[in-house]
Each structure stands twice: as C-alpha cells, then as structure tokens.
Amino acid sequence: MLTKFETKSNRVKGLSFHSKRPWILASLHSGVIQLWDYRMGTLIDRFDEHDGPVRGVHFHKSQPLFVSGGDDYKIKVWNYKTHRCLFTLLGHLDYIRTVQFHDEYPWIVSASDDQTIRIWNWQSRNCISVLTGHNHYVMCASFHPKEDLVVSASLDQTVRVWDIGALRKKTVSPADDILRLTQMNSDLFGGVDAVVKYVLEGHDRGVNWASFHPSLPLIVSGADDRQVKLWRMNDTKAWEVDTLRGHMNNVSCVMFHVKQDIIVSNSEDKSIRIWDATKRTGVQTFRREHDRFWILAAHPEMNLLAAGHDSGMIVFKLERERPAFAISGDTLLFVKDRFLRSFEFSSGKDTQLIPIRRPGSVSLNQAPRSLSYSPTENAVLVCSDADGGSYELYVVPKESSGRGDYAQDAKKGSGASAVFVARNRFAVLDKSTNQALVKNLKNEIVKKSLLPIATDAIFYAGTGNLLCRAEDRVVIFDLQQRLLLGELQTPAVKYIVWSADMESIALLSKHAIVIANKNLVHRCTLHETIRVKSGAWDENGVFIYTTLNHIKYCLPNGDNGIIKTLDVPIYITKVSGTKIFCLDRDGKSRVIAIDASEYIFKLALLRKRYDHVMSMIRNSQLCGQAVIAYLQQKGFPEVALHFVKDERTRFNLALESGNIQIAVASAKEIDEKDHWYRLGIEALRQGNTNIVEYAYQRTKNFERLSFLYLVTGNMEKLSKMLKIAEIKKDVMGQFHNAMYLGDVKERVRILESTGHLPLAYVTAATHGLTEDAERLAAELGEGNVPVLPEGRTSSLLVPPPPVMCAGDWPLLRVMRGIFEGGLETVGRRGDDVDEDADAAGAEWGDEDLDIVNVDSVIANGDIIGDGEDGEANGEEGDEEGGWELEDLELPPEADTPKATSSARGAAMFVAPQPGMPVSQIWTQKSSLAGEHAAAGNFDTAMRLLSRQLGIKNFAPLKPLFMDLHNGSHTYLRAFASAPVVQLAVEKGWTESASPNVRGPPALVFKFSQMDDKLKAAYRATTEGKFPEALRQFMSILHTIPLLVVDSRREVDEVKELIDIAKEYVLGLKMEVKRREMKDDPVRQMELAAYFTNCKLQKIHMRLVLSSAMSICYSKKNKATAANFARMLLDNSPNEAMAKKARQVIQAAEADEKELNYDFRNPFVVCGATFVPIYRGQKDVSCPYCGARFVPAVEGQVCNICELAVVGADASGLLCSPTQVR
C-alpha cells in the first residue's frame, strides 16, 4: 500500500474522486464537506450548510457539480465553481446514507433510513421514482455503470437489484399521446418505473454495502456478519458464488478494483483487506492502530483508492506503477506484462526478449522494481520486493530476440538491491551485515566489502564503484580500494541519473533534486511542491525532469522552468534534441516533442556564448514576460530591451541599461511627467546636460532648469530664464534667477517692485549700491530706515563660479558591449521609422521633437503663463510648442538634443557602472554584527544582534556603533568644489595587497582592550568603588557583542569573559541595593548572603564573605555568620580575618531572624528580583549574558546586561569568522 495523501479531521463518512482533476471530496461526521487537492496536499474549499453528519457525497462525471446527503434529511446539489449550494431536494423522512449521480442521465439515486430508495431528476429538481421493498434502513444504493440497474443493501439482511429500464424509456422516448396517457395513469395509481429484479439473501446480519463489478455480471456485498459475499447474476436469476471471511468486525464498505482483478473491503476492525477476485483468497491486509474504517472510494480512471476512517482519510495506491527500466547506449530495456522488452531509440523498434518469472506469493508489490544491465554479457538483473527484497539474474541469448517464448531458470538471491559494477560482476546489498557482496555471473560470491555507512540501497557509480544511500546522505565507495570517494548530505534519495559522460549526477528525492559532480560535490538543489517522478540529461548538460504534471528543466546553476504540461505522469528514459523518449504507466514507449529554445537560450547566456544568444534573438520567437524578467534579473537589460514592445517596459529597461537614446524615444511615446522626471535623473547621472535640459523643458520644471544652468555655468540661458520668469510674473522665480546670476541691482529692483522696501534698502546698502540705498531711504522716511549692525563685516550673496562651464561630462572610452551594435538590426521596427533612419545609428535628431528654443522665445518677446491656452501662429503642421507659446512668429522647431558628439554611430560610449562600495563588500560576506556596524549598516547589525543574542535595547550600543563606523573610515579632501572622499580602513592592509581583494574592516574595539578594562574593574572592586566597578563591567558586557576575534580559542575566552562580567554585575548590583536598604535588616542579610554565591576572584570572595559574616553577626544571626566564617577559613584569609572568623565560630548560637537562604541547597540568584532559585525550580535565562531569572520576568529586558530580552530565542554569540566557516 503506497499512501499518497493523508488528512487529519473529524470522522469521514463519504468520499468521492473527481474524474479529471486531482480532487477528492470528503464528507465528515461534523457536517462539513471538504474539497482536497490530493496531488498538492491542500484544502481547496469547505462547504458546511448541512446540519449534522453528511454520510454521502458524489462528484458528477462531467458537470461542475456534486451532491451530498446528510442526517438533516436533505439532499443538496452544489456547484463547486461558484462555491454554493444550487438547490435542496426534500422528500426523505430519515437519515440519508448514500447519494450518487448517474453517468448519463440527469438522475441522482439516494438511500435512506426511511427504508426507501429515491431517484431524483436534478434538472427538473423532482423525485421521479421511489423504490420501496426493504423493511429496514437502506445503507447504500448505486447505479450500474452501463445497464439500467440499481443495487441496494439494507439492514434487513438482503441485497436487492432493481430494474429501472422503464424509467429510462419514460425519460428518453418521445412521449406521444398514448404513452402520455399511460404515464398519467401510472403516475396517478402508482407506476412500475422500477421493479425488484433479484433479492439476494445469504447474510446473517444487516448488509452495509453492495456494489457492481464495472464490466462483469458480479456483485460484491459486505455486512455486519463480518463476511464479504460475491454474487453472480444473469438475465433471470442471481446466486451466491463465494464468501470471503477474515474481517473481525462489521464490514463497512466493499468494491471491485477498477483495473485489477481484486476486491477491496474495509471494516470497523480498523483494517483494509485486499482479496483475489478469481481465487477468492486474502492477498493483503493494512491496519490502523486506533481508527475504524467507514467508506471506500475508487478513482474512475486512475489506479487510486481512498478510505475514510475515524480521524481523517487516506488516498493510496495498491501497487507501484513505475515500470522497471535500464538504458544502455541506444537501447532501453524494460519490463512489461511479465516480459523483458527492448526498445531502440533510433529506429523505434520494440522487441520482446524473454519472460520474467511470476512471483510465487500472492501479495501485492511483487513486480520488478529496478533493472541493471551488462551490455557485453547481455545479462540483466531484475530486483523486486518479493520475499523481503530479492533479485533474479537472466542472461539474454542472442538468438532469442524476437521470440520471447524462450524460458530459462533465473539465478536468484536475496538482497535489498543489486547492480552490475563491472562487465561480469554485480554487487548485492546485504542489509543485515551492511555488506556489499560482489558476485560473478554464476551467482557465486567473489568478494565481500563492508560499507562505510548504514546503507539501505546501492546504485551504480562507474566501474568498480557503488553509490550507497543512507537516510540523510549518499556516498561513493570504491569496492576495489575500499575508499570513500565522495559524500553528500541529501534528503532521502529515490532514484539517481548519471549524465552520459559520468561527470554529473542528479539525485532524485520525493520533492527535491540535488545536482552534483562525479565526486558528489554539490552544485545546486531544486525543491518542488509536487512529487518528482523521473529525469534524464540532455546533450547540453541540462537536466530534464518530470513531476506529476510537468516536464521541467534545470540549468547547471539551478535555474529551472517548465517545458510542457502533462495530463498523466511519464518516466523519461532519454532526451535527444527536441525529443523526449519516455515510458508511461502502462509500459508503452512514447516520444514527446518539446520546444527547447527557452532553456538553450538561458544556457547560452549562462555560459556566455553570446554568439548563440545573438543568433537565437535574431531567429527565434522567444518572447514573453518570463524571458524579459530573466534577462533583467541576470543583468542583461540591454538584451531584454530588444524583446519588448511595451513602451513603459522599454523605458524602464532603457534606464536600467543606461540607454538614454531609447529612453528618450519611449518617454516621447508615453509623454507623462513622471517618465520625463526619471529620464532627467538618469541623464543627469550620465552628465548628459542636453537631455536633462530637454526633460525639464517637457515638464515645465523652471526651477530645476534654472539650477541646471547655474551648475553648468550657462549664464546666458540663466539670464533668459530671468526674463521668462518676469514675463510669467513669477516673482520668486525672478528673485532666484537674479540670485543665481549674482545680479544685485535686479534683486533690489524686484524687492522694491514687490513692496519689500526695507529688504531692498538693506540689500543695496550691503552691496555698496549707494545711490539706490539713498533713494530707498528717502522713500522709507527717517524713522523707518532699518539700522545695519555696527562693526560687522557683511558677506555678499554672490553665487560661486562653476567649476566647468556648459557642455556634457566627458565620458570614458569603454569596451563595446557584446550585444551593442549586434542587436541594432534586431530591435523593434516602429511603423513610422524606416530602414534608413534605423541605420543612421546613435545620432538623435532623426525624429522631430517638440523642444523649445529658448533664444527664439526671448527674441519673440512674449510668453504666456501656465494656465492660459496658447497656439503657435506658424505654418500648418507645426507642432505645439513645449511651453505653450502664443502669438509668436516661431522659427523652425529645434531638434532633439544630440548625444555627445563623441558618441556617434558605432562608437557610442556608455558610462562605466560604479563599483561596489567597500562597506557593501564588508556586509555581503559577513554575519558579524561588529563588521556591519563598521560598514554603517546599523539596521542589519541590529537585526543580527537581535537574532544571535536576543538584544532589544540598543540605546547603550548607539555610541559604540558610532565609534565603530567612524573608526573604520577616514576622509580626504580632494579639491574645494568636490565632495569629501570617504575611504574604508581595512584590517591588515599592506601596499602589496591586491586592489580587487578587500579585507575586513579595522575595528576600534579589540579583545586586548577588554583585558585592561577587566583589570580596572577588579581594581575598583578591591578598593570598594562599587559604582565605578559596575560601570566598567557593564562597559565590557556592552562592547563584547561588537567584538571580532580571529581564533576559536579567543571565542572561548570571550564567552568566559561574559560569565565573569555577569557574575560581578549581579553581585555588585545586589551590594548597591543592600546599601540602600538601611531599615530592612533581614533583606540586608539575604543580599549579603546571595553575594557570597557569585563566582568571584579569591580576593573578592574573601572580602564578600568577611562582609556577610560581619553583617549577620551584628544583626544577631550568629549561626549564619558562623557558616560564612567557616567558608572564609576555606578561602585562605590573612591572619586578622582568620582570627575574627574563629571568634565568630566560637560565639555561634541560633539565628534570631529566618532568612530565605539555604546554603546546603544549590541555587542561582534571580537577576531582577534578587531571590534564590533553588535546583529543580523553573527559571528562564538571558540569551546573551546567561543570567537566570524567575519565570515572571520572561519577555522583559535583562537587568544584568541591560540589552537582551529574557527568554528570547537566539542562535548564540557570533564573534569570529572561524565560527561561520
């Protein structure tokens, strides 16, 4: 039994397979109907309108309908496409047990506890017949697949077969007047649409199920007497043929298998039994531990069964359907119908070779599972699961080819798997001893080899080598030298496929494919949601594989895609060009033609075979969003550009590939503000000021245009922008342009004209325009003249001179790209662009663009505002001006600005792509938070610390992050107008280092500094400066997460340092707290006692014990004081301390106050509440410092390190590259 899908739910009472789609309906005792996709293992829908259990459910064969019947006496017909109930059929007076659609007619048959069977017409929504005769609950009723019969089973211990021929005639035949009259009579006085043909009696208890054979005149029934009975019928009578005994409880359901000659039954004894229908004997039993079975369903077309039980359902197959095959050169050998056959790929010739022995036992799954072939000896090994795993060795005689009747005694043996490892040697796996037994063709053991891992299957891996499979890994083992040649961790491997040259291997698991080389060095892993079925290598090194419903490809780098959709699963045997040779589940050889252009194109791109890519672009019909997205993703937007017709996509790709020419053309077509704006940004990045200017003009972005003229030093056009702003009455624009020009007089005039006289006066006076200042002062009057500050030197508002005036940026000469020029003839041909214009190459100006000529605008003197409509008075056919000009005698339109003069024709240059910043290189390869902080990536550093150490409070780390970032960068000033150049400081940099290899960042925090901090903290503790000591230890705890050390030994030392700091911080915090609690002697003694439990240096332990002894003695807890005195004597105190301790021990007597302190019981102290957590009590810990807390503190920030969240999940401290490797 091969389980394909399993669900967990309430008790399943009804099941039905969809005839075409991989769907199954399950009706539950809870009243819900579930629709599952058993191939994907997902719940598609649920329907819950029934009140109470739903016992029957059935899909219609061709319509998008299903019917259900429940304990609410209702039959509901549903449309699964619209997800709703279409109508309800009412008529039954008790629970409905089963419902079923007729394959041809619009009928539903239902069985009910009201002792009747009803037939309904679901189109007219009427009950058309009631079958009465049973005198107890009717447990099931179903139509015959071909004839006009209904079979029913009842608790009255009978099975009845009903003839509904009259009902069919009444439904189908044309109703003439006489027929209509008889029909009316029969309707009035009770018709005979359905009559009982046979009553089958023989069961001793109520019958639960009865069903027809799909083609033979047989009925099978199951009952509460625990028996399955087989009945035969002819035209006149029906009789019992045999009884199948074996079930230990009521038989719930029983049916004939659609494709095999077997009967399947299930029962409340928690088992499913398989019976041989001809021999009438039990073949196999499948049991569940706790669940009774209630229902069975068979797929109408596929070899699938489903069974419903108390806690869900299972979809299963009885036998594997994969044919056993082996490939050798041009020949495929496979087993079909107990014969070994050969198929020649080149000629398509299919030959029957020899018969294969039938297995002796009657159980299932005895068919051949795998083949191994030795072409030189013409020998075949056939492996099967018979007798717990066995093999048979056949030598195919040359002359027998084609006869197929030649029988021979095979050499047999037991073994989990057997494969040829040389011309006349084969290896057999002996699982019990974990050995490979090497045998010759006489089936004699030649050699035994102990295998290196616990192996459950072996495969061929080249002459003399075995591929051994364990649960989680595979290894290649050399039998001759007994050496391990390769090892790879994989999911459980089911099949392996070697490439023709034995250089690559594909390991096929249930839902994954692992590609590796011949030494099992991993290349890539693919994961599939549906089961992987088979695969083969094509001559280009691409792996072609099948899942249940697709043929797919996998490139050497792991990229994959779909080639073709499948209706039924196939098993690929060979791939040759655009042909796939395969076997189907019936063992027939088939050839499928495929279109390989997509994966050949991607492979050429991957292998940088750009000549192939070019020819494919020219000749093939490759197109579609998938290819465009792939090219874009792989960094070839310029290639993707030549596939695209959509202007928006072309525009985006052109910007990405830096092709301003195409971007301008697309922006013209789209003509939207956002696209012109983005074009301007890209052109500015490339330093193409003409295009920037053009883009700003198209969007009427005067402010940006003025600023562009300022930075490019184009004072002439800037002064014209001033005049334009004046004509448009844009006062702010005028003022800005006057400022950019450094025209003080104009600024004074603008301020004066807008009524800002005080500002105008200040501007004139400051810039030395005495005459204007005097005039304005007179206008303002004596009391209103603003006073300029005395003794202050004024700085003038004058723009800096531009570094370079006008012109595009100089472009570097770069190597011509492989695709540039070569694709010029391939790109799209617009309807309005002729061949000659295309051939003109990289020059713009071939098309008319409506750019504004600023000079002509000014010369004509008048410009309108944005809001008014304007029309050019030029000749007809002139396009509208870009800035909506009115009443102007315009000269001819200006051309689109050209790309820089150096970039003409084939010699078009592209600005080189900026390199990757060093800080980005640091973060790409590192999982160390310190290095991310040094690179300035604070957010990723914080994420890493959160994931590794559970840190949530980053406030204490902020200054450390800043120090790290500033410390790993230095800054150079190049020249005045250029920005500061930032340089990354690398660890261990030397002049001889390669500029292409980047080292990690130099960090300002080093582990050696921690040693100095620790000594300072120890010194402060010894001197009793507790706040200072606490600050030092906290500083150590806050710095450690950002440290990077070089060796594993240092990693251990860092972890040890965290423990030391944690113990001291806990102790010192308790001591500080104790000193604050003057009025609570009990708490004071407890805290002093808990301090002695911290792991401290000996010198500090002596001081702590002495302090605790003194406090307890002074507070009259002399027994506890004596205990501390004894501990002090064990710690080698000085003479004065020892003397004092002995005196305390001598004066010991009972404690006055009871403390929450038991020195005999091991404990740790909670870092938040400072109470003991004794051994055996629950606690939670800080993922960073390891401090322990009572469970109530979980989720709060740790009180010791003040960084991490108590009880958070974290992967652990990562502070060295050695941990990552």
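Note that the structure is a prediction, hence the values are computed from the model and not measured.

A. Here's a closer look at the overall build of the chain. Looking only at helices and strands, the chain has 30 helices and 61 strands in total. For the chain, the proportion of its 1221 residues judged to be buried stands at 50%. Residue pairs at least 24 apart in sequence account for 48% of intrachain contacts in the chain once pairs closer than 6 positions are excluded. With the model as given, the accessible surface of the chain reaches about 58800 Å², and the carbon-plus-sulfur share is 49%.

B. Summary view of the sheet that holds strand β13 (residues 126-132). Pairing is antiparallel in the open sheet, where four strands are placed in the order β10-β11-β12-β13. Only two strands of the sheet have a single partner each, and these edge strands are β10 (96-101) and β13. Across the sheet, the axes of successive neighbouring strands diverge by a mean angle of 20°, strand direction being ignored. Packed onto the sheet, helix α1 (residues 165-172) meets β11 (107-112), β12 (116-121) and β13 and runs at close to 145° relative to β11.

C. Molecular detail of the UniProt feature "repeat: WD" (unreviewed entry) in the chain. Under the local residue numbering, the UniProt record ascribes the feature "repeat: WD" (unreviewed entry) to residues 47-88, 89-130, 131-164, 200-241 and 244-285. From the first C-alpha to the last, residues 131-164 spans 10 Å; its make-up is 0% helix and 59% strand.

D. Spotlight on the pattern of salt bridges. Evaluated as defined, the whole model comprises 44 salt bridges. For Arg-473, the salt bridge is made with Asp-472, and the minimal N-O distance between the two is 3.6 Å. Exposure remark for Arg-473: the relative accessible area of 23% places this residue in the partly exposed category. Here Asp-472 falls in the partly exposed class, since its relative accessible area comes to 37%. The closest approach of N and O atoms between Asp-1179 and Arg-1188, which form a salt bridge, is 2.5 Å. What you see here is one network of salt bridges that share partners, running through Glu-6, Lys-8, Arg-288 and Asp-291.

E. Looking closely at helix α24 (residues 1026-1039). Between its first and last C-alpha atoms α24 spans 20 Å; for 14 residues at 1.5 Å apiece the expected length is 20 Å, and the two agree. For α24, the buried fraction is high: 10 of the 14 residues fall into the buried class. Among the residues of α24, those classed as buried are Phe-1026, Ala-1029, Leu-1030, Gln-1032, Phe-1033, Met-1034, Ile-1036, Leu-1037, His-1038 and Thr-1039. If you follow the buried residues of α24, they end up packed against α22 (958-967), α23 (1007-1022) and α25 (1048-1076).

F. Focus on the nonpolar core. By size, the foremost hydrophobic cluster in this structure holds 91 residues, and its most contacted members are Phe-1033, Tyr-1184, Cys-1185 and Phe-1189. Looking at which element gives the most residues to this core, the answer is α25, with 10 residues. Not counting residues up to four positions away in its chain, the partners in contact with Cys-1185 are Leu-1037, Ile-1058, Asp-1059, Lys-1062, Cys-1198, Ile-1200 and Cys-1201. The next biggest cluster of nonpolar side chains, apart from the first, holds 58 residues, and it includes Leu-28, Val-161, Leu-218 and Met-255.

G. Region of the structure containing the sheet that holds strand β1 (residues 2-8). Pairing in this open sheet of four strands is antiparallel, and the strands run β1-β28-β27-β26 from one edge to the other. Of all the strands in the sheet, just β1 and β26 (293-298) have a single pairing partner and so form its edges. Strand-to-strand twist of the sheet, defined as the mean angle between neighbouring strand axes without regard to direction, takes the value 15°. Pairing geometry for β1 and strand β28 (residues 312-317), over six bridges, is antiparallel. Bridge assignment links Glu-6 to a residue of β28, and that residue is Ile-314.

H. Here's a closer look at the pairing of strand β55 (residues 589-593). Sheet analysis places strand β54 (residues 579-583) next to β55, joined by five bridges and oriented antiparallel. Bridge pairing links Phe-581 to Val-591 in β55.

I. Seen up close, the side chain of Asp-224. Relative to the helices and strands, Asp-224 is located in the loop between β19 (218-223) and β20 (227-233). One buried charged side chain, Asp-224, makes no salt bridge at all; its nearest oppositely charged neighbour is Arg-205, positioned 6.3 Å away.

J. Inspection of the packing of helix α21 (residues 938-949) against α22 at higher detail. Running from N to C, α21 and α22 point in directions that differ by 130°, and their axes come no closer than 12 Å. When the interaxial angle is binned, α21 and α22 end up oblique. Of the two possible hands of crossing, α21 and α22 adopt the one that is right-handed. When α21 is examined against α22, the residues Phe-938, Ala-941, Met-942 and Leu-945 are found in contact with a partner set consisting of Phe-961, Met-962 and His-965. Residue classes in the contact of α21 with α22 are distributed as six nonpolar, one polar and no charged.

K. Structural view of the pairing of β26. In terms of burial, β26 is a largely internal element, five of the six residues being buried. Across five bridges, the pairing between β26 and strand β27 (residues 305-309) is antiparallel. Across the sheet, Ile-295 pairs through a bridge with Gly-308, a residue of β27. Count of turn residues in the β26/β27 antiparallel hairpin: six residues.

L. View of the packing of helix α11 (residues 702-711) against helix α12 (residues 715-727). Running from amino to carboxyl end, α11 crosses α12 at an angle of 150°, the nearest separation of the two axes being 8 Å. Relative to α12, the element α11 is oriented roughly antiparallel. The two elements α11 and α12 meet at a crossing, and its hand is left-handed. Residues Phe-702, Leu-705, Ser-706, Tyr-709 and Leu-710 of α11 form the contact with α12, whose own contacting residues are Lys-717, Leu-718 and Met-721.

M. Spatial organisation of unusual backbone geometry. In this structure, Lys-1116 takes a positive phi of about 70° despite not being glycine. With respect to the secondary-structure elements, Lys-1116 resides in the loop between α27 (1098-1114) and α28 (1118-1129). Using a relative accessible area of 42% as the deciding quantity, one classes Lys-1116 as partly exposed. In this structure, Ser-1132 is a non-glycine residue whose phi angle is positive, near 50°. One can find Ser-1132 in the loop between α28 and α29 (1135-1146). Taking relative accessible area as the criterion, Ser-1132 reaches 48% and is therefore assigned partly exposed.

N. Looking closely at a nonpolar patch on the surface. On the surface, Leu-972, Val-981 and Leu-983 cluster together into a nonpolar patch covering about 220 Å² of accessible area. Examined against the element boundaries, Leu-983 turns out to sit in strand β57 (residues 981-984). A relative accessible area of 36% places Leu-983 in the partly exposed class.

O. Expanded view of the environment of Lys-1006. Checked against the element boundaries, Lys-1006 lands in the loop between β57 and α23. Residue classification places Lys-1006 among the partly exposed residues on the basis of a relative accessible area of 45%. Separated by 37 residues in sequence, Lys-1006 and Leu-1043 have C-alpha atoms that sit 6.5 Å apart.

P. Inspection of the state of the cysteines at higher detail. For the structure on display, the rule yields zero disulfides. Not engaged in a disulfide, the cysteine Cys-554 finds its nearest cysteine sulfur in Cys-524; these two sulfurs lie 4.2 Å apart. In this structure Cys-1198 is a free cysteine whose sulfur lies 3.6 Å from that of Cys-1201, the closest cysteine sulfur available. Since its relative accessible area comes to 2%, Cys-1198 is described here as buried.

Q. Inspection of the confidence of the model for the chain at higher detail. Confidence in the prediction of the chain, expressed as mean pLDDT, is 83, and 87% of residues score 70 or more. In the model, residues 898-906 has pLDDT below 50 throughout and makes 18 contacts with residues more than four positions away in sequence or in other chains.

R. Fine view of the packing of aromatic side chains. Scanning the model with the defined rule gives 28 aromatic pairs in all. Where Phe-1163 meets Tyr-1174, the ring centres are 5.5 Å apart and the plane angle is 65°; that geometry is what we call edge-to-face. Of this pair, Phe-1163 sits in strand β58 (residues 1163-1165) while Tyr-1174 sits in strand β59 (residues 1172-1174), and the two are 11 residues apart along the sequence. Counting every residue linked through ring pairs, the aromatic cluster contains Trp-23, Phe-47, Phe-59, Phe-66, Trp-78 and Tyr-80. Here the guanidinium or amino end of Lys-13 rests over the ring plane of Trp-294, the centre of that ring lying 3.9 Å away.

S. Main features of helix α3 (residues 597-606). Those residues of α3 not exposed but buried are Tyr-599, Phe-601, Lys-602, Leu-603, Ala-604 and Leu-605. A positive phi of about 60° marks Lys-608, the residue just after α3.

T. Structural context of the environment of Thr-98. Mapped onto the fold, Thr-98 is located in strand β10. A relative accessible area of 8% places Thr-98 in the buried class. For the pair Thr-98 and Cys-140, spaced 42 residues apart in the sequence, the C-alpha separation amounts to 5.4 Å. In this structure, Thr-98 is in contact with Gly-56, Val-109, Ser-110, Ala-111, Met-139, Cys-140, Ala-141 and Trp-209, ignoring residues within four places of it in sequence.

Each value, and the rule that gives it
Residues numbered from 1 in each chain as written. Predicted model: local features only at pLDDT ≥ 70, side-chain atom pairs only at ≥ 80, totals over all residues. Heavy atoms only, no water. Helix = DSSP H or I, 4+ residues; strand = E, 2+ residues; numbered from the N terminus. Buried < 20%, exposed > 50% of the residue type's maximum accessible area, 1.4 Å probe, protein only. Contact = heavy atoms within 4.5 Å. Areas by Shrake-Rupley, 256 points an atom, 1.4 Å probe, with all protein chains shown as cover. Pairing = 2+ DSSP bridges. Axes fitted to C-alpha atoms, helices over the stretch in contact; angles between N-to-C directions. UniProt positions renumbered as here; feature names shortened; annotations may be inferred. Salt bridge = Lys/Arg side-chain N within 4 Å of Asp/Glu carboxyl O. Expected span 1.5 Å × (residues − 1). Core = buried A, V, L, I, M, F, W, Y, C linked by side-chain atoms within 4.5 Å. Lys, Arg positive; Asp, Glu negative; His and termini not counted. Parallel < 35°, antiparallel > 145°, perpendicular 65-115°, else oblique. Left-handed = near helix turned anticlockwise from the far one by under 90°. Nonpolar A, V, L, I, M, F, W, Y, C, P; charged D, E, K, R; others polar. Patch = residues over 30% accessible without salt bridge, like charges linked within 9 Å, V, L, I, M, F, W, Y side chains within 5 Å. Disulfide = S-S within 2.5 Å. pLDDT = per-residue confidence, 0-100. Phe/Tyr/Trp six-rings, centres within 6.5 Å; stacked < 30°, edge-to-face > 60°. Lys NZ or Arg CZ within 6 Å of the ring centre and 35° of its normal.

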